[in-house]
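Understanding the architecture of this molecule
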There are 2 protein chains.
Amino acid sequence: MNLVLLSGGSGKRLWPLSNDIRSKQFIKFFKNEEKGEYESMIQLVYRQIKNIDKDAKVTIATSKTQVASIYNQIGEDVGVSIEPCRRDTFPAIALATSYLHDVQGVPEDEAVVVCPVDPYVHEDYFEALKELGLQAEKGEANLVLMGIEPTYPSEKYGYIIPESKDNTSFVKEFKEKPDLETAKNYISQGALWNGGVFAYKLKYVLDRAHELIDFTDYQDLFEKYETLTKISFDYAVVEKEDKIQVQRFSGEWKDLGTWNTLTEAMEETTIGKAILNDKCENVHVVNELGVPVVCMGLKDVVVSASAQGILVSDKEQSSYIKPYVDGLDEQIMFADKAWGSFKVIDVDSGSMTIKVTLNPGHKMNYHSHDLRNEIWNVISGDGIAVIDGMETPVKAGDVITMEAGCKHTIIANTELHLIEVQVGEEINTEDKHKYELEYK
Amino acid sequence: MNLVLLSGGSGKRLWPLSNDIRSKQFIKFFKNEEKGEYESMIQLVYRQIKNIDKDAKVTIATSKTQVASIYNQIGEDVGVSIEPCRRDTFPAIALATSYLHDVQGVPEDEAVVVCPVDPYVHEDYFEALKELGLQAEKGEANLVLMGIEPTYPSEKYGYIIPESKDNTSFVKEFKEKPDLETAKNYISQGALWNGGVFAYKLKYVLDRAHELIDFTDYQDLFEKYETLTKISFDYAVVEKEDKIQVQRFSGEWKDLGTWNTLTEAMEETTIGKAILNDKCENVHVVNELGVPVVCMGLKDVVVSASAQGILVSDKEQSSYIKPYVDGLDEQIMFADKAWGSFKVIDVDSGSMTIKVTLNPGHKMNYHSHDLRNEIWNVISGDGIAVIDGMETPVKAGDVITMEAGCKHTIIANTELHLIEVQVGEEINTEDKHKYELEYK
């Protein structure tokens, strides 16, 4: 199976666990019983796919800001089609399809299945994706969509009206988000939710792409990506296509876009340090801080805490969070990097203190700052610091001081933790020059 | 006026703002409109006293763990009678009275007024204390109590039944915490709340003390304090005294012992960074962290966050917090010290990182550790570090490394902030040797 997972941009609807850098699919919400640790949606989905088809060729279509997190969380075996900028779904799917063909060598008559990375599902869903691919390869239709059996008359999904109630049917028409009564009416006619999941033969989308965009191959398309017009896959392809089939899926499928829906999928009521008294009812806590959250006498409330901030919300109300947190002009307090991660632990006037974790064998960029001095306090692990070209082995307890202008990096042998103290009148992320590192 | 403020021990009923070290009277809850900053209960009370009587001789009776916070918050002009250990209220009041006589030189026929440090009151309360003292000096009775006009039939206060409803009356009897019906009945008879506020001529309590304890003067009493029997002032004095008067007080008086009552006294609904959406009703936030608290659709809830943890509680339920937070086997995450304050900003295996603030002109103890190395990263201010007897001037950006065994301190010229990184296999507060500092 060739699978393209669309990994969308960041968003703050799950603030404070998602921020301008960390998208919700990277938050570790789900208990992996085997490993006894929590995993993110992207880890869960990737593991589910590999369980049902260990040879599945998985490509993640995403922006470059997510690449480090993807490699950190699921390893570097996965294919990644990097969108140089945001150009809506048609260019993104065209680029990923072209990547599969030109980089991964997938033949033109094989099926490609596209689905969002963030539905909460079980393995039966991925079995259904396989079926979707097989149906696309049959060639009865140019596109085969997954139609999700509605569990309630939702007003927030698009609907697919099939010609028949058979498991596989041609599509009669598509309907946009309806009101409640209309939704009930659709469902009585056998309508299905459109979860944005579909399959096609690789050649089909490649042909559509060549019709709409002047490019030779993947590399060419990648390079001219910024010049492309923004256009959705629905508008560019689906609406113009007559031969579309839909396959019914009746397994569990949840869109975990808000705190409200997310907590429904949590296996335990709390993640992280939390104490709830017995007067709490339907309360969920997700706490990424090292100190406890104590809840007393709450009902239908979600509490979440991270280095970014603290949310306390009625579950129903939590879906309206966006304007409140968009208004926060906030410093990024934590982020995953290609080499590890960091967390801001103190902000003061003229200084900032950061806890840095480097993964074994990884190094940060070789860089310098114009306006601040930095001090590295190594607290665990060992590695090699490179300061203005000079290599020095470092271990727990060692201190490296770097004046403004000095080029520096650190290469971790083992997992390495350090406390970085930045001191300067102006501290900002723009004050950074990167250099090539000649490391022997 | 000679005033003894009883400043009681720590307690966790206002966790996470109070911890094993910081008692509730030191938490900065109250807006000082003139200064545009928040002040603690002890600061508020001290300012109120000085406003109505700038010559009032104020003595705080407390344990030594609070002395640093008292001096930090209200300066070093205040008298402090330090109880070497806890021996209940009679020994504490005897010690403070003896301190007033022998250290402060208060004559035996002057009145002493004793009151708890933590009622939430206005200046009329302190005017009433003055009256209480004047009445005691008249000598009609040996003890003059303040009787607070009840505002509701409380089951948690003791009651004073006066002989008449006059403003000043002899006391007929005392009643312990009653049930609701009994409380109503008391109130209909003109009963008053006993707020633990009373006045006496200095000689009166000094005589009672000499009757019960064999001591010569303050210094002697201080030295043998540990050998004293625990006994309450009520039991040792009040119950044996026939000539007791009570003066009515009808001004505002609130016992702010729980989050529920405390939030009622807050002038604004939030302290610190907080955003409440318009679906919040009767919500209070006290946030000592640098990151925001966002509340959505909550009703009758208090949220409080500090380096120690996060509380989210229904207001009514908040009075039951004690067993939940007593169960937390917690690291002290912040504390006031004689020289400034500290806050833990990272805890990892084999390391701890602390932000230290030194007040101008102050220094920490000269000390060493056996099992850990320490690194000071100075982030603002300047001072003198003394390392194994060597003095070095330090300023923002400087780094001092201290191996285990090395004696060290830092003396602040200006307010000085530093990030202290501790690295060692065993990090605990017991690993500390103190030395005399010979500083030139």
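Here's a quick rundown of the structure. (Residues numbered from 1 in each chain as written. Chains lettered and ligands numbered in written order. Predicted model: local features only at pLDDT ≥ 70, side-chain atom pairs only at ≥ 80, totals over all residues. Heavy atoms only, no water.)

**Points about a negative patch on the surface**
- Taken together, the side chains of E108(A), D109(A), E110(A) and E137(A) present a region of like negative charge at the surface.
- As for its position among the elements, E137(A) is in helix α4 (residues 123-138). (Patch = residues over 30% accessible without salt bridge, like charges linked within 9 Å, V, L, I, M, F, W, Y side chains within 5 Å. Areas by Shrake-Rupley, 256 points an atom, 1.4 Å probe, with all protein chains shown as cover. Salt bridge = Lys/Arg side-chain N within 4 Å of Asp/Glu carboxyl O. Lys, Arg positive; Asp, Glu negative; His and termini not counted. Charge placed at Lys NZ, Arg CZ, Asp CG, Glu CD. Helix = DSSP H or I, 4+ residues; strand = E, 2+ residues; numbered from the N terminus.)

**Quick look at unusual backbone geometry**
- The amide bond that connects W15(A) to the next residue, P16(A), takes the cis arrangement and shows omega of 5°.
- Position of P16(A) relative to the elements: it lies in the loop between β1 (2-6) and β2 (28-32).
- For N282(A), which is not a glycine, the phi torsion comes out positive at approximately 55°.
- Considering the arrangement of structural elements, one finds N282(A) in strand β16 (residues 281-287).
- When its relative accessible area of 42% is taken as the criterion, N282(A) is described as partly exposed.
- Of note in the backbone geometry, D88(B) takes a positive phi value of approximately 70° without being a glycine.
- Looking at where D88(B) falls in the secondary structure, it is placed in the loop between β5 (79-83) and α3 (89-102). (Buried < 20%, exposed > 50% of the residue type's maximum accessible area, 1.4 Å probe, protein only.)

**Section: the side chain of Q135(A)**
All names here are of chain A.
- Among the structural elements, Q135 can be located in helix α4.
- Judged by relative accessible area, which is 5%, Q135 ranks as buried.
- Excluding its chain neighbours within four sequence positions, the residues that come into contact with Q135 are E140, V144, T168, Q245 and Q247. (Contact = heavy atoms within 4.5 Å.)

**Let's talk about the interface of chain B and chain A**
- Taken together, the 52 residues of chain B in the interface contact 52 residues of chain A.
- Roughly 4,000 Å² is buried in total at the junction of chain B and chain A, and carbon and sulfur atoms are behind 69% of that figure.
- Contact with chain A buries area across many residues of chain B, yet M296(B), I310(B) and Y324(B) alone supply 17% of it, more than any other trio.
- One can count four salt bridges joining chain B with chain A.
- Between D346(B) and K355(A) there is a salt bridge whose closest N-O contact spans 3.0 Å.
- In this assembly, chain B and chain A are joined by 19 residue pairs in polar contact (both at pLDDT 80 or more).
- Here the side of chain B that touches chain A gets six residues from one element, more than from any other, and that element is strand β19 (residues 309-314) of chain B. (Buried area = accessible area lost by both parts, 1.4 Å probe. Polar contact = N/O pair within 3.5 Å; in protein donor to acceptor, adjacent residues only side chain to side chain.)

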